[in-house]
Amino acid sequence: MGQMMGLKTLAAAAVLAGSAMLAAAPAMALDNPFLGIFPKPFDFGVGPKAGYRGASSIPRQTVAYAGPYSAGTIIINTAERRLYLVQPDGTALKYGIGVGRDGFRWGGNKTITRKAEWPGWTPPPQMRKRRPGLPSYMPGGIENPLGARAMYLGSSLYRIHGSNEPETIGQAVSSGCFRMTNDDVTDLYERVNVGTRVVVLN
């Protein structure tokens with residue numbers, strides 16, 4: 001009988017230990033350098049090579065540019081719903097974007113003051129007042145509306161960011177931010193630095 005009780009106690013201890021290891025697994029995967037073989041979240045079939053849940057119907061392209069802005073400048077044409085990154089060879093990279101809906105479009109000069117990969121999202125009070133069902137905070141990830149990358153514009157609430165809704169690219173549906181597909185925003189993110197000038201033409 002005593003032996004049976006001892007076996008039951010050991011079995012229960014093993015179950016509890018296994019549960020504790022499973023609960024700790026995410027933290028271990030992040031902190032343990034020997035687990036570096038595991039891919040990052042954006043590599044599980046939804047990363048750059050897989051299109052992050054779909055591509056835009058507006059292809060990225062290189063176009064001629066002879067305007068007044070210097071190489072490295074981002075030009076956003078909200079009426080055209082396109083973003084241009086001026087290149088040093090008389091061309092510009094042209095991307096499709098989503099822009100602010102009526103009443104939320106704006107223009108002016110800004111600077112990229114911060115860049116973030118898989119950013120968390122804190123909806124501003126004004127937005128939460130308009131949409132009471134929004135969370136106070138959403139961690140970064142595939143389901144986050146800011147998508148894979150974000151570039152923050154000055155001290156404003158506005159960003160150039162990715163999107164988990166590629167079908168909205170080319171439309172006017174945002175609250176003033178500029179949406180890109182995750183593929184396109186990742187491409188732009190790698191090409192620009194903090195301090196990049198952003199000219200928004202409305």
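All residue numbers refer to position in the chain's written sequence, counted from 1. For this predicted model, a pLDDT threshold of at least 70 governs which residues receive local features, and a threshold of 80 or more governs which side-chain atom pairs are given and counted, while totals over whole chains, interfaces and linings are taken from all residues. Think of the side-chain values as coming from all heavy atoms in the structure, minus any hydrogens and water.

**Examining the pattern of salt bridges**
1) Next: The salt bridge criterion pairs a side-chain nitrogen of Lys or Arg with a carboxyl oxygen of Asp or Glu, the two atoms within 4 Å. Tallied over the full model, the rule gives seven salt bridges.
2) Next: Aspartate 184 is the salt-bridge partner of arginine 60, the closest N and O atoms lying 2.5 Å from each other. Placement of the pair is arginine 60 in the loop between α1 (2–31) and β1 (61–64) and aspartate 184 in helix α3 (residues 182–191), with a sequence separation of 124 residues.
3) Next: Under the relative-accessibility criterion, arginine 60 is labelled partly exposed at 39%.
4) Next: Only protein chains enter the accessibility calculation, which uses a 1.4 Å probe; a residue is then buried when its area is under 20% of its type maximum, exposed when over 50%, and partly exposed in between. Looking at aspartate 184, the relative accessible area reads 5%, which means it is buried.
5) Next: Among the ionic contacts, a cluster of salt bridges with common partners joins Arg60, Asp184, Asp187 and Arg191. Secondary structure elements are taken from DSSP: a helix is a run of H or I of four residues or more, a strand is a run of E of two residues or more, and numbering for both begins at the N terminus.

**A few points about the pairing of strand β3 (residues 82–86)**
1) Next: Of all five residues in β3, five are buried, a share of seventy percent or more.
2) Next: The alternating pattern of β3 places Arg82, Tyr84 and Val86 on one face and Leu83 and Leu85 on the opposite face, and all of these are buried.
3) Next: Across four bridges, the pairing between strand β2 (residues 74–77) and β3 is antiparallel. By the bridge assignment, isoleucine 75 is partnered in β3 with tyrosine 84.
4) Next: Following β2, the chain reverses through four residues before pairing antiparallel with β3; arginine 81 in that reversal takes a positive phi of roughly 60°. By the convention used here, strands pair only if DSSP detects at least 2 bridges between them.

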